[in-house]
Amino acid sequence: MPGRSGEIIFDQRRQPLTLLRLLKSGGAGSVFTLKERPREVAKLYHSAKDVLFYERKLRAMLELQPDLPTLREGGRERVQIAWPTGLLRDCGGRFVGFSMPILDVSATTDLEHVLQERQARVEKLPTGLGAKMTLAANLAATLAALHRCQHYVVDLKPLNVRFYRDSLFIAMLDCDGFSIQGKDERFPAGQVTTDYLAAEFQQRGVTPGEEEAQDRFALAVIVFQLLNSGLHPYAGRPQGGDVPNDLPGRIAARLYPYGRRGISRLLPAPVSGHEMFPPALRDLFDRAFSAQPQRRPSAQEWSSLLMGYAQRSGGQLVACSQDASHQHFAGLPCAACARAGLVARSARVAQQTNGGKGRGRKRKRTRTAQPLRQAAAARPVARPAAPGAAATTSQLPGLGSRVTMAAVGTLVLGWVAGWGMPAWRAYDALPSPGWWDGFELAVQSGMLLLGVLFYILCVPGLIMSRRP
Ligand SMILES: Nc1ncnc2c1ncn2[C@@H]1O[C@H](COP(=O)(O)OP(=O)(O)OP(=O)(O)O)[C@@H](O)[C@H]1O
Ligand SMILES: [Mg+2]
């Protein structure tokens, strides 16, 4: 397979062409500029194994070209689609690749870059709703032209769609990867991206004949993202643990939270401006993300609606009175202002929380420091009265005290009992006891009783109380 600068290849009329400079090498092939044709490039396949399939596919593409002509704008050519212009062969006549118009890639950016507002600002890309609407309308129109030939992108996603930064025209590359309609044959697309894959294809993939339904779904996702500051239509706030975390899982479960009916399992992201979309736009999104794929709006339907909003003369998009860089739908609030307000409020709350957290940390530090200081100060003197449970624990007698008390209690009881019986016998032996003798015996009996009570009540209580 040819693939080096300086090598000679041949076009269909056997005209020699010299490979000049390698522009880029992708997964399927390498793209070279051509010495003899400065307005064209050659894509040469890496592997000889798929060339038979690609030769037939490329023939079909040459036979049925979409109506997306190169535009002229301020003396510059704007290629809308890098569609093949001819087959290329090696010196032995074997198919090696195809030629196509050269696209000024440096004047373009992919849609992914415009979706994230912060990134778009850094790269000086448009951030207003007007420009995004134009991009969405242009993408829908490009797809509608492709679909009229029954060709489909299939792996349609922001990363695969480029646009000219100055004019906002769409530029499509890598068209030999599309699903192509041949005379009696369909040449399928090779790839899909699950974040943009319709529910019915998430498990089994896209089979020939179903590609338009897939393109319609992916187009609706991209339009939603463009008009809603990059938010994916299946992103949101899950309610409950059974909501899939990933976008493909939510698409498969048909959890679209921005519909006019809403769903309980997934709530809209607070930054979403979908409620500031006009009813006609919301209707199209509701149909695109409904459970019935046959209701999905076609690229042409999207194109007609979005062109109406994008054209200035229509007056359907108006400049915001609060912020000159914002545009919004006529008669509806400015979603960009609402979003900016929300972001500012969140930033304030985050700042307060961070500040609170800072104070909390200080308090925590103080709390940990206090016992250390107390302990240090308390050690030389009496144990400080500690609050709460620690106090309860510290006032319980220790094991040594318990053993001592039990032993002392028993000895006292034994001593009292041993001293009481002889006292009674002595009193009993008296021939005529006086009042003093009776008083002495009463005192001794009382003490004996107190000793027994102390022993009965306190010693078992001490032994049974909580362990130290
Ligand atoms: N018509 C063109 N004009 C200028 N540059 C082009 C053109 N076509 C392709 N390129 C450049 O070559 C790169 C690879 O082209 P392409 O995507 O067609 O190849 P691939 O092998 O199919 O890649 P992938 O594996 O990404 O699908 C493009 O990203 C682009 O930078
Ligand atoms: Mg490719």
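My aim in this report is to walk through the structure given alongside it, one point at a time. (Residues numbered from 1 in each chain as written. Chains lettered and ligands numbered in written order. Predicted model: local features only at pLDDT ≥ 70, side-chain atom pairs only at ≥ 80, totals over all residues. Heavy atoms only, no water.)

## Looking at the overall build of the protein chain
Basically, it comes down to this: A helix here means a DSSP run of H or I that spans at least four residues, while a strand means a run of E at least two residues long, and both kinds are numbered starting from the N terminus. The classification of residues rests on relative accessible area computed with a 1.4 Å probe and restricted to protein chains. Under 20% of the type maximum is buried, over 50% is exposed, and intermediate values are partly exposed. Should any heavy atoms of two residues lie within 4.5 Å, those residues are counted as being in contact. The Shrake-Rupley method, run with a 1.4 Å probe sphere, supplies the accessible areas, and residue values consider only the shown protein chains as cover.
When you go through the protein chain residue by residue, the secondary structure sums to twelve helices and 17 strands. For the protein chain, with 468 residues in total, the buried portion stands at 40%. Here the analysis covers contacts within the protein chain between residues at least 6 apart in sequence; of these, 59% occur between residues at least 24 apart. Of the roughly 25800 Å² of accessible surface on the protein chain, a fraction of 57% belongs to carbon and sulfur atoms.

## Looking at helix 4 (residues 129-148)
Counted only if it meets this: A helix is expected to reach a length of 1.5 Å times the quantity of its residues less one.
With 20 residues, helix 4 ought to run about 28 Å at 1.5 Å a step, and its terminal C-alpha atoms sit 28 Å apart, in line with that. Burial analysis of helix 4 places 17 of its 20 residues in the buried class, the great majority of the element.

## A short note on the site of ligand 1
Put simply, the rule is: The nearness test applies per residue and asks whether one of its heavy atoms lies within 4 Å of the molecule or strand. Whenever two N or O atoms come within 3.5 Å, that pair is a polar contact, provided that in protein one can donate a hydrogen and the other can accept it, and provided that, for residues adjacent in sequence, both atoms are side-chain atoms. Under the convention adopted here, Pro, Cys and the residues Ala, Val, Leu, Ile, Met, Phe, Trp and Tyr are nonpolar, Asp, Glu, Lys and Arg are charged, and Gly plus all remaining residues are polar. Here the bounds of each domain stem from an automatic or database domain assignment.
What surrounds ligand 1 is a group of 17 residues, the closest being Gly27, Ala28, Lys43, Pro101 and Asp174. Contact distances for ligand 1 include 2.7 Å between an oxygen atom and a backbone N or O atom of Gly27. Pro101 places a main-chain nitrogen or oxygen 2.9 Å from a nitrogen atom of ligand 1. In isolation ligand 1 offers 620 Å² of accessible surface; the protein chains occlude 79% of this area. Of all elements in the fold, only strand 2 (16-25), strand 3 (29-34), strand 4 (40-45) and strand 8 (95-101) reach the threshold of two or more residues within the shell around ligand 1. Broken down by class, the residue content of the shell around ligand 1 amounts to eleven nonpolar, three polar and three charged. Residue-level mapping places the shell around ligand 1 at the junction of two domains, with at least three residues from each of domain 1 (1-103) and domain 2 (105-342).

## Things to note about the nonpolar core
Note the threshold: To qualify as a nonpolar core, a set must consist of buried Ala, Val, Leu, Ile, Met, Phe, Trp, Tyr and Cys residues joined through side-chain atoms within 4.5 Å.
If you look at the biggest cluster of nonpolar residues, it comprises 78 residues, and the most contacted ones within it are Phe289, Trp302 and Leu306. The element best represented in this core is helix 4, accounting for twelve residues. Formed jointly, this core draws a minimum of three residues from each of two domains, domain 1 (1-103) and domain 2 (105-342). The contacts of Phe289, once residues within four sequence positions are left out, are Phe217, Ala220, Val221, Phe224, Pro233, Tyr234 and Tyr256.

## So, the coordination of the magnesium ion (ligand 2)
We apply this condition: Each metal's donors are the N, O and S atoms within 2.8 Å of it, or within 3.2 Å when it is Na, K or Ca, and because water is not part of the set, sites may look incomplete.
The coordination sphere of the magnesium ion (ligand 2) contains the protein donors Asp174 (OD) and Asp174 (OD), at a distance range of 2.4 Å. Position of Asp174 among the secondary structure elements: in the loop between strand 11 (170-171) and strand 12 (180-181).

## Some remarks on the packing of helix 7 (residues 279-288) against helix 8 (residues 299-310)
We count it as follows: Interaxial angles span 0 to 180 degrees and are taken between N-to-C directions of axes, which are lines fitted to C-alpha atoms, for helices over the stretch in contact. Note on terminology: angles under 35 degrees are roughly parallel, angles over 145 are roughly antiparallel, angles of 65 to 115 are roughly perpendicular, and the others are oblique. A crossing counts as left-handed when the near helix is turned anticlockwise from the far one by less than a right angle, and as right-handed when that turn is clockwise.
At a minimum axis separation of 11 Å, helix 7 and helix 8 run at an interaxial angle of 155°. On the basis of their axis angle, the class for helix 7 and helix 8 is roughly antiparallel. The chirality of how helix 7 crosses helix 8 is left-handed. Contacts between helix 7 and helix 8 involve Ala280, Leu281, Leu284, Phe285, Arg287 and Ala288 on the former and, on the latter, Glu301, Trp302, Leu305, Leu306 and Tyr309. Partitioning the contact of helix 7 with helix 8 into residue classes produces nine nonpolar, no polar and two charged.

## Some points on the sheet that holds strand 11
Heads up, the condition is: The pairing criterion for strands is at least two bridges between them, as found by DSSP.
Read from one edge of the open sheet, three strands run 9-10-11, paired in antiparallel fashion. The outermost strands of the open sheet, each flanked by one partner alone, are strand 9 (108-110) and strand 11. Relative to strand 11, strand 10 (residues 162-164) is paired through two bridges, and the arrangement is antiparallel. Residue pairing for strand 11: Phe163 is matched across the bridge by Ile170.

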